[in-house]
Amino acid sequence: MRRFSEALYLITLSLWVGGLWAIGYLVAPVLFATLADRQLAGMLAGKLFALIGWVGLASAAYLLLFMLIRLGRSALKRGVFWLLVVMLVLTVLSQFGIQPLLAQIKADALPREVMESVLRDRFATWHGVSSILYLVQSVLGLLLVVGAGRGLK
């Protein structure tokens, strides 16, 4: 059973971090480069970012629980544990703070597209904040993947 839970730990971590990188740095740019309708590209990218946010919440819950069960209180002394906590906090901020705010700004801009409205600057600012948090989360994810073997011992 120990090998299964360790394998599930690594699979979960790979799914989350791989998903972050695939969606954020491959799929979203391709959507905007390929689709003529930027609003459609944004809507699809937003749905994918929301999906990986939910994957992140579930993954962080499992990974943190795994570490606490496996290592007990000594998990709190591990850098890997705290990287996971920071990634979880960034996911929560994005999923329940910034993304709903961006959706509200888009709704307030109707019937115009947000980038053609007076709310353009506000949207751009929050989108920038979201992008920076996503980049930080992605880099922290790489650190987790590199340190994955050490986190289990």
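Structure: see above.
Rules used throughout
Residues numbered from 1 in each chain as written. Predicted model: local features only at pLDDT ≥ 70, side-chain atom pairs only at ≥ 80, totals over all residues. Heavy atoms only, no water. Helix = DSSP H or I, 4+ residues; strand = E, 2+ residues; numbered from the N terminus. Areas by Shrake-Rupley, 256 points an atom, 1.4 Å probe, with all protein chains shown as cover. Lys, Arg positive; Asp, Glu negative; His and termini not counted. Charge placed at Lys NZ, Arg CZ, Asp CG, Glu CD. Axes fitted to C-alpha atoms, helices over the stretch in contact; angles between N-to-C directions. Parallel < 35°, antiparallel > 145°, perpendicular 65-115°, else oblique. Left-handed = near helix turned anticlockwise from the far one by under 90°. Contact = heavy atoms within 4.5 Å. Nonpolar A, V, L, I, M, F, W, Y, C, P; charged D, E, K, R; others polar. Core = buried A, V, L, I, M, F, W, Y, C linked by side-chain atoms within 4.5 Å. Buried < 20%, exposed > 50% of the residue type's maximum accessible area, 1.4 Å probe, protein only.

## Quick word on the overall build of the protein
Check the secondary structure of the protein and you find 5 helices and 0 strands. Viewed in the frame of its principal axes, the protein has a C-alpha envelope of about 55 × 30 × 20 Å. Within the structure as shown, the protein displays about 9,100 Å² of accessible surface, and the carbon and sulfur contribution to it stands at 71%. For the protein, the distance from the average site of its 14 positive side-chain charges to the average site of its 6 negative ones is 22 Å.

## Quick look at the packing of helix α1 (residues 2-34) against helix α3 (residues 79-109)
As a packed pair, α1 and α3 sit with axes 14 Å apart at the nearest point and diverge in direction by 45°. The pairing of α1 with α3 is recorded here as oblique in orientation. In this structure, α1 crosses over α3, and the sense of that crossing is left-handed. Contact residues: α1 offers Tyr 9, Trp 16 and Leu 20, while α3 offers Val 80, Leu 84, Met 87, Leu 88 and Thr 91. Among the residues making up the contact of α1 with α3, the classes are represented as 7 nonpolar, 1 polar and no charged.

## A look at the nonpolar core
Within the largest apolar cluster, 31 residues are counted, with the highest numbers of intra-cluster contacts made by Tyr 9, Leu 13, Trp 16, Met 67 and Leu 84. Elements that contribute at least two residues to this core include exactly α1, α2 (38-71), α3 and α4 (120-146). Counting residues per element, this core draws most heavily on α3, which supplies 9 residues.

## Things to note about the environment of Lys 106
Within the secondary structure layout, Lys 106 lies in helix α3. Residue class for Lys 106 comes out partly exposed when judged on its relative accessible area of 36%. For the pair Lys 106 and Phe 123, spaced 17 residues apart in sequence, the C-alpha to C-alpha distance is 7.8 Å. Leaving out residues up to four positions away in the same chain, Lys 106 has contacts with Val 114 and Phe 123.

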